[in-house]
Amino acid sequence: MEKPAIEGGSPVRKEFLPFARPSIGNEEVAAVTEVLKSGWLTTGPKTKQLEQEFARFIGSKYAVAVNSCTVGLHLALAALGIKSGDEVIVPSYTFAATANVVVHCGAKPVFAEIREEDFGLDPDDVRKRITKKTRAIIPVHFAGQPCDIGALKEIAEKHDLQVVEDCAHVSGATYAGKKAGRFGKVAAFSFYATKNITTGEGGMLVTEDEDLAKRFEVLRLHGMSREAWKRYGKEGNWQYEIIEAGYKYNLSDLHSALGLVQLKRVEELYRKRKAIAGYYAKALADSEALILPKELPGRSHDWHLYAVRLRLDRLRIDRARFIEALAKENIGASVHFIPLHLQPYYQRTFGYAKGMLPVTEKAFEGEVSLPLYPAMLEHDREEVVHAVKKITRFYAKD
Ligand SMILES: *Cc1c(COP(=O)(O)O)cnc(C)c1O
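On a predicted model such as this, the values are computed, not experimentally measured, just so you know. (Residues numbered from 1 in each chain as written. Predicted model: local features only at pLDDT ≥ 70, side-chain atom pairs only at ≥ 80, totals over all residues. Heavy atoms only, no water.)

## Some thoughts on the site of the ligand
Item 1. Near the ligand you find 16 residues, and of these T70, D166, H169, S190 and K195 are the closest.
Item 2. A distance of 2.5 Å separates an oxygen atom of the ligand from a polar side-chain atom of T70.
Item 3. Within the side chain of K195, a nitrogen or oxygen atom sits 3.2 Å from an oxygen atom of the ligand.
Item 4. If the ligand stood free it would expose 380 Å²; the protein chains cover 93% of that surface.
Item 5. Of all elements in the fold, only helix 3 (69–79) and helix 4 (96–104) reach the threshold of two or more residues within the shell around the ligand. (Near = heavy atom within 4 Å. Polar contact = N/O pair within 3.5 Å; in protein donor to acceptor, adjacent residues only side chain to side chain. Areas by Shrake-Rupley, 256 points an atom, 1.4 Å probe, with all protein chains shown as cover. Helix = DSSP H or I, 4+ residues; strand = E, 2+ residues; numbered from the N terminus.)

This is how it looks when you write it as structure tokens:
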């Protein structure tokens, strides 16, 4: 049997394969350079264009660019009037941003369970956690596959709750033929460096509600009356009014120029991700120590992450040791996510504790995200599989 590098064997690769890497080509470089030379760096025509093209891509009426998904989620909750005394249901199984923004509004994040099949909010568990104070639900479409957003939306409508979709992992994935991001009152997308399309840092809000879109535009730029960014142009005016105590959440034209090229490539990038996921699915199918992610009926998967679960009952090592062993083979990996109810802040502030969300905790225990990004070469993905098989075989329980 082949010896893992962590046991003194030779590593599968010589150079480290990072867990994630953006796909930036000459066209992106040229687009940013053009803006640099244009004399207009901040929010302007490129941002406007990105909003229009993103709205068309998702099929939504309005899109408002912001400088991250996190601030987008915050802006959404703030504009919907979420405040102190309110409760917002979110998965514990998500990135900190999803719940932190609830705290930023003075409200309480109420953590609900996920379903094992999609790592998304479990509608039955959500129903149980609704109280008189519940105002909204923030479903997360984990790894690139929509959660059971149809069932969640039904619950929300019945109880008069707002739905704000956390679309950080999706870029076109569908549920019942409709793109994720078109189910909630608002959806927030991420253009962070590791996400399916990137502007380095950036995000986008989409909505069907014209009044809400207008409030986003005002609130994202200090609460200035609309189109304030035009005030330095020929038709501009030094006059402005502060109509709300807004935020500084706007996206610059530098970022938007990058986003326009990435959005144009979204299909190409998706096809490459899908091909790698397809390769992993085939090559790892016979691994008894792994539970592989699946595309569920009626949904599509954008393959932001390839999140496998280790069957720890069949291994002599835990997840931490597995990731360490992969690193010794020169292969990066990550964990999505450390449940928020296990984090010190949320335990200290809201009294959450281990044991409260068993499905979430079990899913977390064995989760490992393997490298998956368009820039990966054929030998890269082959080496990932080689290393995973080598480690799982060596440490298999007999
Ligand atoms: C990345 C991520 C965010 C935050 O996105 P930013 O653009 O970095 O603010 C929010 N939610 C989830 C689930 C994420 O993975």
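Next comes the rest of the account.
## With respect to the sheet that holds strand 11 (residues 306–310)
Item 1. An order of 10-11-12 is seen for the 3 strands of this open sheet, with the pairing classed as antiparallel. The outermost strands of the open sheet, each flanked by one partner alone, are strand 10 (290–291) and strand 12 (367–370).
Item 2. The pairing of strand 10 with strand 11 spans 2 bridges and is classified as antiparallel. Across the sheet, residue I291 finds its bridge partner in strand 11, namely R309. (Pairing = 2+ DSSP bridges.)

## Let's talk about helix 3
Item 1. Across the 11 residues that make up helix 3, a large majority, 10, are buried.
Item 2. Every buried residue of helix 3 is listed here: C69, V71, G72, L73, H74, L75, A76, L77, A78 and A79.
Item 3. Structurally, helix 3 contributes buried residues whose contacts are with strand 1 (62–66), helix 4, strand 5 (162–167), strand 8 (186–190), strand 9 (203–207) and helix 7 (210–219).
Item 4. Of the residues that open helix 3, the one with a side-chain oxygen 3.3 Å from the backbone nitrogen of T70 is S68.
Item 5. One or two steps after helix 3, the chain reaches G81, where phi turns positive at roughly 85 degrees. (Buried < 20%, exposed > 50% of the residue type's maximum accessible area, 1.4 Å probe, protein only. Contact = heavy atoms within 4.5 Å.)

## A word on helix 7
Item 1. All of the buried residues in helix 7 are L212, A213, F216, E217, V218 and L219.
Item 2. You can read the cap of helix 7 off the contacts: a side-chain oxygen lies 3.0 Å from the backbone nitrogen of D211, and it is on D209.

## Thoughts on the sheet that holds strand 3 (residues 108–112)
Two modes of strand pairing occur in sheets, parallel and antiparallel, and in both the strands are linked by backbone hydrogen bonds.
Item 1. In space, the 7 strands of this open sheet follow the order 1-9-8-5-4-2-3, with mixed pairing throughout. In the strand order of this sheet, the two ends are held by strand 1 and strand 3, each with one partner. Strand-to-strand, the axes of this sheet are offset by a mean angle of 25 degrees, without reference to chain direction.
Item 2. Relative to strand 5, strand 4 (residues 134–137) runs parallel, the two sharing 2 bridges. Residue I137 lies in a different strand from strand 5, and its bridge partner there is V163.
Item 3. Against the sheet, helix 7 makes contact with strand 1, strand 8 and strand 9, and its axis sits at roughly 20 degrees relative to strand 1, the strand it touches most. (Axes fitted to C-alpha atoms, helices over the stretch in contact; angles between N-to-C directions.)

## Details of the pattern of salt bridges
Item 1. In total, this model carries 29 salt bridges according to the counting rule given.
Item 2. Across the pair D86 and R135 runs a salt bridge whose closest N-O atoms are separated by 3.5 Å. You can see D86 sitting in the loop between helix 3 and strand 2 (87–91) and its partner R135 sitting in strand 4, a full 49 residues away along the chain.
Item 3. The exposure class assigned to R135 is partly exposed, which follows from its relative accessible area of 35%.
Item 4. R299 is paired through a salt bridge with D118; the nearest N and O atoms lie 2.7 Å apart. Note that R299 is positioned in the loop between strand 10 and strand 11 and D118 in the loop between strand 3 and helix 5 (123–128), a separation of 181 residues in sequence. Of the two residues, R299 and D118, both sit in the buried class.
Item 5. The network of salt bridges with common partners includes R115, E117, D118, D122, D148 and R299. (Salt bridge = Lys/Arg side-chain N within 4 Å of Asp/Glu carboxyl O.)

## A few points about the environment of P371
Item 1. By the element assignment, P371 lies in the loop between strand 12 and helix 13 (378–394).
Item 2. Spatially, the C-alpha atoms of P371 and R21 are 9.1 Å apart, while their sequence positions differ by 350 residues.
Item 3. Each residue touching P371, except ones within four places of it in the same chain, is listed here: L17, P18, F19, Y280, I331, G332, M376 and V384.

## Section: the pairing of strand 2
Item 1. Across the 5 residues that make up strand 2, a large majority, 5, are buried.
Item 2. In strand 2, alternate side chains face the same way, and those of E87, I89 and P91 on one face and V88 and V90 on the other are all buried.
Item 3. By the bridge criterion, 5 bridges tie strand 2 to strand 3 in an arrangement that is parallel. Opposite I89, over in strand 3, you have V110 as the bridge partner.
Item 4. One ladder, built from 3 bridges, connects strand 2 with strand 4; its direction is parallel. Looking at strand 4, one finds that E87 is bridged to T134.

## A short note on the packing of aromatic side chains
Item 1. Inspection of every chain in the model, using the stated rule, returns 21 aromatic pairs.
Item 2. Ring geometry for F54 versus F189: centroids 5.0 Å apart, planes at 70 degrees, classification edge-to-face. Of this pair, F54 sits in helix 2 (residues 45–58) while F189 is found in strand 8, placing the two residues 135 residues apart along the sequence. Taken individually, F54 and F189 each receive the classification buried, so the pair is uniform in this respect.
Item 3. Here F119 and F142 contribute two aromatic rings whose centre-to-centre distance is 4.9 Å and whose plane-to-plane angle is 10 degrees, an arrangement assigned as stacked. With F119 in the loop between strand 3 and helix 5 and F142 in the loop between strand 4 and helix 6 (149–158), this pair connects stretches of sequence that are 23 residues apart. Of the two residues, F119 and F142, neither departs from the other in class, the shared state being buried.
Item 4. Members of the aromatic cluster, each reached through a chain of ring pairs, are Y93, F95, F119, F142 and F337.
Item 5. One Lys or Arg, K179, reaches over the ring of F57 and ends 4.1 Å from the middle of that ring.
Item 6. The ring of F364 carries the charged tip of R319 above its face, separated from the ring centre by 4.4 Å. (Phe/Tyr/Trp six-rings, centres within 6.5 Å; stacked < 30°, edge-to-face > 60°. Lys NZ or Arg CZ within 6 Å of the ring centre and 35° of its normal.)

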